[in-house]
Amino acid sequence: MTHVVNIIPNIFSGETNQDSEPNLAIDPADPRRIAASAFTPDPLGGANAPVFVSVDGGLTWSLNNIVPSTAGNATGDITLGFGHGGRLYAGILRRPGGLRLNILRTTNFTSPTVMDVLVDRTGSGVDQPYVEAARVFRGSAAGRDRVYVGNNDFNAASGRTATVDVSLDGAAATPPSPANFNARRIEPRATNGQDLPPIRPAVHIDGTIYAAYFGWRTGALTDVVVARDDNWAAGATQFTNLTDSGDGLAGQRVVTGVNVPFENFQTMGMERLVASDLSVGVDPRDSSRVWVAWGDRPGGTTNLTLHVRRSTDRGQTWSADLRTIPNAKAPAICVNSRGRVGFLYQQLTGAVPNQRWVTRIERTGDDFATFGADVLATVPANAPAPTFLPYLGDYVDLKSPGKDFCGIFSANNTPNNANFPTGIQYQRNANFATQTLFAADGITPVNVSIDPFFFLLTELAPDADVYVADWTDSAASFDRGVEPSSEPVFYNRSDVWTRISNAPGAFDANNRPVNEPPVNGPGVAGRNFAFARIRRRGTGSAVVATTHFLVSPFGTGSNYEDAGTMPDITVTMGAAVAEVTMASGYRWQLGPTSSTHVCLAVEVTTPQDPIVAPSLLGRAPGWPTTDLLVINDNNKAQRNMAVGPAGKGGFMTMHALIHNAALVRRDIVLNWERTRGEGRRDDRVGIIGGRSQILRPSGTIVVRDLLPGEHRWLRLTLHPGEDEPETEVAFAEMVGNVAVNGFAVAVRAAPTEEVSAYLLDRMISVYTRLEAFGFRRTEESVERARKVRERKVTDDTYLAFAAGVAESHDELVRELGSRVGRRDQFGLAAAHRLMRGALDSRAVDQVQSHHGALLEAIDSALTSLDTLSGVPADICQNLRWQVELFRLEKLNQLPSVDRLLRESLAFVSQFETRDVTVKDYPRAMQSVLDGLREAADALDDRTLMSRFESVAADLDDPKSLQRSHWEYLARLSTLVS
Amino acid sequence: MPDPSFVFQGTVLALGESTVPIVEADELTARVRVDRVIRAPGAMESVVGREITIQLQAPASVDTRAVFSADGWIYGESMAVVERGARAEVGERPAGVTAEAADTSMDELESPAARDRAAAFRSELGARLAEASRVVVGRVVAVGGLEAGPTTPGRLSEHDPNWTEATVEVEETVKGRAPRTIKVMFAGSQDVMWHDAPKLAVGQKAVMLLHRAPAAAGRRRANAVLHSLDVQPADAKDVVTGLM
């Protein structure tokens with residue numbers, strides 16, 4: 001669907017201004033909130049200039065006078081960018097003042113309050129401010145606005161004028177100028193006295209900042225340069241992470257010595273050419289993929305020619321021209337959440353006197369091997385007469401809030417349907433039959449002028465765009481399906497949950513679903529029901545969505561597997577329905593050997609709106625690349641959240657599995673942050689087997705040296721807060737600046753009776769596992785727990801019960817320790833000892849706390865024990881790792897390597913599409929055995945050969961095969977890496 | 001602070017209501033009908049008859065008919081303005097007389113509107129005149145060619161004023177002292193920042209309010225015309241002198 005709107009408000013129908021050079025900003029948290037700008041004055045001639053505002057996704061627009069200016073005039077150059085919390089930033093050339101840079105901010109772009117002036121700089125002059133902003137998702141700076149204002153600053157030394165003004169905390173910027181902005185010079189090379197006007201930043205949420213500029217060298221010869229900073233431009237040096245492969249200086253020259261004309265008079269139709277035709281866009285899924293578009297004048301031509309190129313290696317190397325557009329200007333390029341590229345430009349077509357300005361957008365999903373093109377406007381180029389230059393604008397703008405593309409351009413506003421082939425809507429009074437504009441009275445004819453036009457191109461109609469919210473805070477504040485999700489913690493309040501009965505339960509006061517800890521056991525005892533609330537971004541026609549649920553161990557990095565074997569559940573959304581909660585849940589089973597500490601995920605699909613491949617099946621978010629599987633795809637959601645109660649004087653212990661989902665040996669960096677409640681100083685966190693540390697408000701813990709598929713345990717002890725009902729801490733698995741996955745743990749202050757009930761349920765779960773793993777004297781304890789649980793649990797009944805079961809712990813702890821086979825890394829004995837000590841004192845809080853710690857230790861020990869016998873969810877990771885290893889130089893010449901690679905990749909691919917399952921894994925391994933044997937022979941390693949023989953021997957059991965396969969690969973990796 | 005940019009006669013239709021969806025109404029928010037525009041740019045004079053929102057400074061009652069002074073705020077399907085300055089009530093409507101009939105009987109407001117515009121012009125021109133170092137009546141006899149490069153070396157910008165030099169034969173000095181022939185700088189650029197600055201052409205005779213040229217113009221102590229009011233038709237000399 002294409003929607004083009006002339007955004008001049010109806011009440012301003014009498015205007016004939018030249019509203020050129022438009023710009024656009026979209027609130028990342030709510031794409032319905034859009035701001036736009038152009039050379040538009042206050043309709044009533046006041047001292048402030050307006051911005052265009054829309055709160056309905058660009059369907060309707062108003063003007064709001066919030067830009068400081070001078071009476072009766074538009075501001076000078078103006079561009080806009082949204083930060084977090086609705087903060088809108090603007091970069092303007094302030095009037096009066098000539099080349100006077102102002103950087104502005106408002107916290108509410110619909111209020112009448114004039115924007116705050118954060119930066120006010122003139123000196124030798126500053127030109128063409130260009131604003132981009134983003135929010136930091138994780139780490140100590142989480143939540144801060146990063147603001148980047150590209151500008152050509154004549155105050156820079158030695159004529160190296162390309163500059164980016166940077167604020168690392170835009171919300172905290174406080175006048176007077178320069179607030180907390182710093183002008184970062186990004187041109188390291190000699191210039192022809194200066195760089196050319198455009199310095200265009202592009203921001204990725206992983207902290208990668210690109211800045212493209214025209215480095216003016218001599219005469220009309222110019223380099224197109226792309227500089228990069230990998231850490232928000234927050235380091236000691238900025239924009240120096242990308243060095244040129246030729247001269248070694250900062251900023252890769254995409255092309256050198258092109259002719260970029262600077263002709264500040266009518267030279268292209270009635271438009272000028274002032275070397276401002278430059279755009280850069282970064283792929284939101286992968287900051288390594290960056291696009292640049294620019295205009296130059298090749299020899300023998302008179303107008304500008306646009307070029308589009310792409311880099312897949314963070315700007316180091318660039319493609320040849322993927323698109324070349326003659327006679328065109330004002331390129332704007334961006335990439336949507338699916339990796340599709342949009343390219344907007346204005347082309348001068350035809351011959352005088354019948355020339356036309358054609359505004360066109362092209363979209364491609366294959367680097368312009370094929371593309372679609374839409375003509376948004378084709379208007380006469382010889383009317384109206386220019387009032388000033390630029391006639392249409394030195395730039396246009398294109399943005400992508402998720403899947404869609406939104407843009408803005410200026411054009412002749414004759415109300416003629418033929419001028420707008422994809423359709424058009426005017427807010428101002430117009431008669432399309434007579435092609436006449438009218439003033440606000442609807443009677444007085446108004447001359448044609450230049451107006452700004454907003455457009456929305458939906459890649460997927462809103463009513464077809466189904467999603468599961470990653471977060472909900474209230475009935476009015478929730479994830480509206482934006483991609484990427486606008487909240488950094490996307491796994492603790494999502495719309496996927498599980499219950500132990502087949503009813504979704506009521507939503508809580510925050511309009512969030514209430515998750516229940518699942519149950520494990522044979523048959524009905526281990527039956528759970530998964531639910532999702534499915535939304536869509538619009539209504540219109542009915543859709544049928546399919547929900548598919550997956551589970552993984554609680555923590556981060558563990559690969560997901562199907563939650564159950566039952567057919568997926570479909571949910572019908574009526575034509576007028578925007579939100580549906582599954583009335584009946586997806587039945588899934590946790591067997592008696594399974595822990596009830598799980599992460600739950602859902603993938604919702606329709607024929608029109610499938611998930612973005614790959615599926616979570618056999619994968620963990622963030623791996624094998626750092627593609628953010630969940631937050632970049634609104635069809636996926638996950639709940640990695642553990643909540644437990646603790647008495648006021650006690651604490652809760654929780655363990656989380658930290659699994660290396662990568663295909664390389666690595667350290668796993670976990671950043672934590674308290675997301676609710678202040679907590680207490682005796683809260684602690686640590687890796688089991690290592691030292692613990694105080695759980696401060698935020699911090700980092702590094703899990704060292706994990707092979708692919710290897711895991712460690714994180715232990716967390718949380719005390720309920722003094723005043724807060726719940727204390728929560730969120731952990732994020734970091735790869736560079738990106739939080740690729742995470743989990744959250746919360747403790748809820750509760751009466752001791754409630755804690756006792758929780759512990760009894762937990763004990764039933766853990767002891768069920770013990771029984772399933774063949775431990776003795778557990779059945780009796782489970783039965784006793786069930787009996788106690790059937791009645792109201794008092795402190796006395798709980799203490800009596802705990803004292804009884806403690807008797808059996810000595811033997812259990814010994815046996816479990818010997819089965820796990822290593823020293824008591826889980827602290828079973830200590831937890832048991834502490835529990836007994838607490839029982840002696842009859843301090844209920846303390847007994848409960850140590851009892852809980854013991855149960856967690858037993859549960860984790862059992863999971864580790866289970867892992868030793870194989871993890872079916874890791875089968876695909878094994879195969880992907882195998883592919884990586886056999887591509888290495890030491891192995892890639894083996895006779896059977898091609899087959900091994902082919903079969904391995906085929907299995908992974910077919911596994912995702914469910915054309916093969918775990919039971920087909922042995923057959924796939926059978927087909928690659930020759931390659932494994934050849935590797936063992938070639939490397940002449942007895943251990944590897946022994947492990948190969950184990951693989952061959954385990955071909956009848958997928959679970960044990962996964963383990964022997966992993967051990968083979970682990971050995972192989974040490975030999976070839 | 002400049003005068004309110006919108007002066008109109010209107011009738012309060014309702015209180016606590018807004019005609020602009022994103023403006024939340026409170027007790028000082030009024031829905032009014034614009035009965036007559038007294039001060040507004042030309043493009044907004046056609047809002048007569050439209051209902052708009054005004055955020056009042058002080059309470060009013062429904063059916064109040066008054067001359068409101070306001071600044072613009074939000075412009076959409078309707079618009080919202082913020083009242084500033086004194087409000088002059090127009091008077092009670094006689095019983096049995098419709099609002100429209102009452103409006104047509106109030107032609108006396110036409111001349112205040114015209115007076116308002118003229119007063120604003122005189123005020124602004126007077127201010128420029130006071131700031132001017134010289135005021136001359138003269139004829140442009142030559143205009144220097146546009147310089148090839150930026151006016152300020154090392155500062156190539158699309159917003160360069162493109163300072164241009166005109167030679168003016170002075171016929172009469174109205175303020176200050178001036179030789180028979182003077183050089184006058186003006187911004188030749190058609191850029192958005194300068195398009196409304198006065199342009200001089202050979203043969204043009206005008207009253208010129210001369211100011212000291214900015215340093216960036218590159219001519220020390222040069223005369224310059226900078227503001228749209230700095231060049232007036234020659235026959236406006238009496239108006240200018242009348243303001244001195």
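Computed from a prediction, not measured in an experiment: that's the story for all the values here. (Residues numbered from 1 in each chain as written. Chains lettered and ligands numbered in written order. Predicted model: local features only at pLDDT ≥ 70, side-chain atom pairs only at ≥ 80, totals over all residues. Heavy atoms only, no water.)

Caption draft 1: Representation of unusual backbone geometry in the model. Residue and element names in this part refer to chain A. For the bond from Ala 383 to Pro 384, the omega torsion is -5°, close enough to zero to count as cis. Relative to the assigned elements, Pro 384 resides in the loop between strand S27 (372-380) and strand S28 (397-399). The residue after Leu 389, namely Pro 390, is reached through a cis peptide bond having omega 5°. Checked against the element boundaries, Pro 390 lands in the loop between S27 and S28. (Helix = DSSP H or I, 4+ residues; strand = E, 2+ residues; numbered from the N terminus.)

Caption draft 2: The pattern of salt bridges, seen in detail. Residues and elements named next belong to chain A. Following the criterion strictly, the structure yields 89 salt bridges over all chains and no others. In this structure, Asp 495 engages Arg 533 in a salt bridge whose closest nitrogen and oxygen atoms are separated by 2.8 Å. Of this pair, Asp 495 sits in the loop between strand S35 (466-467) and strand S36 (496-499) while Arg 533 sits in strand S37 (residues 527-536), placing them 38 residues apart in sequence. A residue is classified by how much of its surface remains accessible, and Asp 495, at 0% relative accessible area, is buried. The class for Arg 533 is buried, based on a relative accessible area of 0%. A salt bridge links Arg 776 to Glu 811, with the nearest nitrogen and oxygen atoms 3.6 Å apart. Taken together, the residues Arg 776 in the loop between helix H1 (752-772) and helix H2 (779-790) and Glu 811 in helix H3 (residues 795-820) connect sequence positions 35 residues apart. (Salt bridge = Lys/Arg side-chain N within 4 Å of Asp/Glu carboxyl O. Buried < 20%, exposed > 50% of the residue type's maximum accessible area, 1.4 Å probe, protein only.)

Caption draft 3: Quick peek at the pairing of strand S16 (residues 221-229) of chain A. All names here are of chain A. Within S16, 8 of the 9 residues are buried, which leaves the element mostly enclosed by the surrounding structure. As defined by bridge partners, S16 adjoins strand S17 (residues 252-259) across 5 bridges and the pair is classed as antiparallel. Paired with Thr 222 across the strands is Val 258, a residue of S17. (Pairing = 2+ DSSP bridges.)

Caption draft 4: Quick look at the packing of aromatic side chains. Residues and elements named next belong to chain A. Evaluated as defined, the whole model comprises 27 aromatic pairs over all chains. Residues Trp 497 and Phe 531 carry aromatic rings whose centres are separated by 5.9 Å and whose planes lie at 20° to one another, so their mutual orientation is stacked. Residue Trp 497 is found in strand S36, and its partner Phe 531 is found in strand S37; the two are separated by 34 residues along the sequence. The interplanar angle of 50° and the centroid separation of 6.2 Å between the aromatic rings of Phe 907 and Tyr 921 together place this pair among those described as tilted. One end of the pair, Phe 907, is in helix H7 (residues 897-912); the other, Tyr 921, is in helix H8 (residues 921-939), and 14 residues separate them in sequence. In this structure, Phe 907 and Tyr 921 share a single accessibility class: buried. An aromatic cluster of at least three residues, connected via ring pairs, comprises Phe 409, Phe 420, Tyr 426, Phe 432, Phe 453 and Phe 455. Sitting above the plane of the Phe 478 ring, Arg 535 keeps its charged end 4.0 Å from the centroid. (Phe/Tyr/Trp six-rings, centres within 6.5 Å; stacked < 30°, edge-to-face > 60°. Lys NZ or Arg CZ within 6 Å of the ring centre and 35° of its normal.)

Caption draft 5: Summary view of the confidence of the model for chain B. All names here are of chain B. Per-residue confidence for chain B averages 87 on the pLDDT scale, and 85% of its residues sit at or above 70. Predicted confidence in chain B is weakest over helix H1 (residues 99-104), with a mean pLDDT of 48, and strongest over strand S3 (residues 51-55), with 97. For residues 92-98, every residue scores under 50 in pLDDT, and the model assigns this stretch 5 contacts once sequence neighbours within four places are set aside. Low pLDDT, under 50, characterises residues 104-108; the predicted model gives this stretch 5 contacts beyond four residues in sequence or across chains. (pLDDT = per-residue confidence, 0-100. Contact = heavy atoms within 4.5 Å.)

Caption draft 6: Region of interest: helix H4 (residues 828-841) of chain A. Residue and element names in this part refer to chain A. The end-to-end C-alpha separation of H4 is 20 Å, in line with the 20 Å expected for 14 residues at 1.5 Å each. Of the positions making up H4, those classed as buried are Leu 828, Ala 831, His 832, Met 835, Ala 838 and Leu 839. Seen end-on, H4 carries its buried residues on one side only, within an arc spanning 125°. For H4, the exposed residues set more than 90 degrees away from the buried face come down to Arg 833 and Asp 840. Contacts from the buried residues of H4 go to H3 and helix H5 (844-868). Positive phi appears at Arg 842, one or two residues downstream of H4, with a value of about 55°. (Expected span 1.5 Å × (residues − 1). Arc of directions from axis to C-beta.)

Caption draft 7: Examining the sheet that holds strand S24 (residues 328-335) of chain A more closely. Residues and elements named next belong to chain A. What the 4 strands build is an open sheet, ordered S24-S25-S26-S27; its pairing is antiparallel. Each end of this open sheet is capped by a strand with a single partner; those strands are S24 and S27. Across the sheet, the mean angle separating the axes of adjacent strands is 15° when strand polarity is ignored. (Axes fitted to C-alpha atoms, helices over the stretch in contact; angles between N-to-C directions.)

Caption draft 8: Highlighting the environment of B:Arg177. The topology assignment puts B:Arg177 in the loop between strand S8 (163-175) and strand S9 (181-187). Separated by 41 residues in the primary sequence, B:Arg177 and B:Val136 place their C-alpha atoms 8.8 Å from one another.

Caption draft 9: A look at the packing of H4(A) against H5(A). Residue and element names in this part refer to chain A. Their axes nearest at 8 Å, the elements H4 and H5 cross at an angle of 160°. On the basis of their axis angle, the class for H4 and H5 is roughly antiparallel. Classified by chirality, the crossing of H5 by H4 is left-handed. Where H4 abuts H5, its residues Leu 828, Ala 831, His 832, Leu 834, Met 835, Ala 838 and Leu 839 lie against Gln 846, Val 847, His 850, His 851, Ala 853, Leu 854, Ala 857 and Ile 858. (Parallel < 35°, antiparallel > 145°, perpendicular 65-115°, else oblique. Left-handed = near helix turned anticlockwise from the far one by under 90°.)

Caption draft 10: How the structure looks around the nonpolar core. Residue and element names in this part refer to chain A. Ranked by size, the top nonpolar core spans 125 residues in total, and within it Leu 714, Phe 731, Phe 886, Leu 932, Tyr 968 and Leu 972 carry the most contacts. Ranked by residue count, the leading element in this core is H3, at 10 residues. Those residues in contact with Tyr 968 that sit more than four places away from it in its chain are Phe 886, Leu 932, Ala 935, Ala 936, Leu 944, Arg 947, Phe 948 and Val 951. (Core = buried A, V, L, I, M, F, W, Y, C linked by side-chain atoms within 4.5 Å.)

Caption draft 11: Quick peek at the interface of chain A and chain B. Taken together, the contact pairs 52 residues of chain A with 32 residues of chain B. Three residues, A:Ile11, A:Leu44 and A:Arg95, lead the burial of chain A against chain B; their summed loss comes to 22% of the area buried on that side. In this assembly, chain A and chain B are joined by 2 salt bridges. Notably, a salt bridge pairs A:Arg95 with B:Asp196, separated by 3.9 Å at the nearest N-O pair. Counted by class, the side of chain A that touches chain B contains 24 nonpolar, 20 polar and 8 charged residues. For strand S5 (residues 62-68) of chain A and strand S4 (residues 65-75) of chain B, the ladder comprises 2 bridges, and the chain directions are antiparallel. Across the sheet, residue A:Asn64 finds its bridge partner in S4(B), namely B:Ile74. (Buried area = accessible area lost by both parts, 1.4 Å probe. Nonpolar A, V, L, I, M, F, W, Y, C, P; charged D, E, K, R; others polar.)

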